[in-house]
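# Structural features, examined
Below are the chains, spelled out letter by letter.
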Amino acid sequence: QVQLVESEGGLVQAGGSLRLSCAASGLTFSRNVMGWFRQAPGKEREFVAAISWSGTNTYYAASVKGRFTLSRDNAKNTVYLQMNSLKPEDTAVYYCAAREGFGSYYLREYEYNYWGQGTQVTVSS
């Protein structure tokens, strides 16, 4: 049984930082592209970032590029999303996702096979 478990999010002030992690089990982690999506209240879920199976390639949404950094540790079956210079508009439930394959990244929800339960990130102004 595949499980993706996100770390606890939290409340942070604007300009602050937060690191999310996602621990995977039940799959061959190194054969999966990993992604993060988020959903703000009243909005559709949107792509945030993705990282290739090797960690060599990353891709970010324009809204987070330069502020967020995605990395992975295949030995620990874990992916990390470092979020800096947080803004109130980053407030959302953040979801980790996995997609089997050796592509560089995938941008769309339907391209991912597995999802975490989500974790709330709230940025206060």
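Below you will find a few notes about this structure.

Conventions adopted
- Once a new chain begins, its residue numbering starts again from 1 and follows that chain's sequence as written.
- Predicted model: local features are reported for residues with pLDDT of at least 70 only, side-chain atom pairs are reported and counted for 80 or more only, and whole-chain, interface and lining totals are derived from all residues.
- With hydrogens and water excluded, all non-hydrogen atoms of the structure serve as input to the side-chain values.
- For two strands to pair, DSSP has to find at least two bridges joining them.
- Each helix is a run of H or I in the DSSP string that is no shorter than four residues. Each strand is a run of E no shorter than two, and both are numbered from the N terminus.
- Whenever a helix is involved, its axis is fitted only over the stretch in contact; in every case the axis is a line through C-alpha atoms, and angles between N-to-C directions fall within 0 to 180 degrees.
- Remark: exposure states derive from per-residue accessible area (1.4 Å probe, protein chains only) relative to the maximum for the residue type, with buried under 20%, exposed over 50%, and partly exposed in between.
- Any pair of N or O atoms that falls within 3.5 Å is considered a polar contact. Within protein, one atom must be able to donate a hydrogen and the other to accept it, and sequence-neighbouring residues count only if both atoms are side-chain atoms.
- Contacts are residue-level and defined by heavy atoms, with any inter-residue pair within 4.5 Å sufficient.
- The salt bridge definition used is simple: a Lys or Arg side-chain nitrogen within 4 Å of an Asp or Glu carboxyl oxygen.

This paragraph deals with the sheet that holds strand S7 (residues 68-73). With antiparallel pairing, 4 strands are arranged side by side in an open sheet as S1-S3-S8-S7. Pairing within the sheet leaves two strands with one partner each, and these edge strands are strand S1 (3-6) and S7. Taking the axes of each pair of neighbouring strands and ignoring which way they run, one obtains an average angle of 15° across the sheet. The sheet contact formed by S7 and strand S8 (residues 78-83) spans 6 bridges and is antiparallel. Looking at S8, one finds that phenylalanine 68 is bridged to methionine 83.

For threonine 119, the position within the fold is in strand S11 (residues 119-124). Accessibility expressed as a relative area gives 7% for threonine 119, which makes it buried. Among the polar contacts listed, one links the side chain of threonine 119 to the backbone oxygen of serine 7, at a separation of 2.9 Å. Residue contacts for threonine 119: discarding those within four places in its chain leaves Glu6, Ser7, Glu8, Gly9, Leu20, Ala92, Val93 and Tyr94.

Glancing now at the pattern of salt bridges. Using the criterion set out here, one finds 4 salt bridges in the structure. Here arginine 38 and glutamate 46 are joined by a salt bridge, their closest N and O atoms 2.7 Å apart. By sharing partners, the salt bridges in this structure join Arg38, Glu46, Arg67 and Asp90 into a single network.

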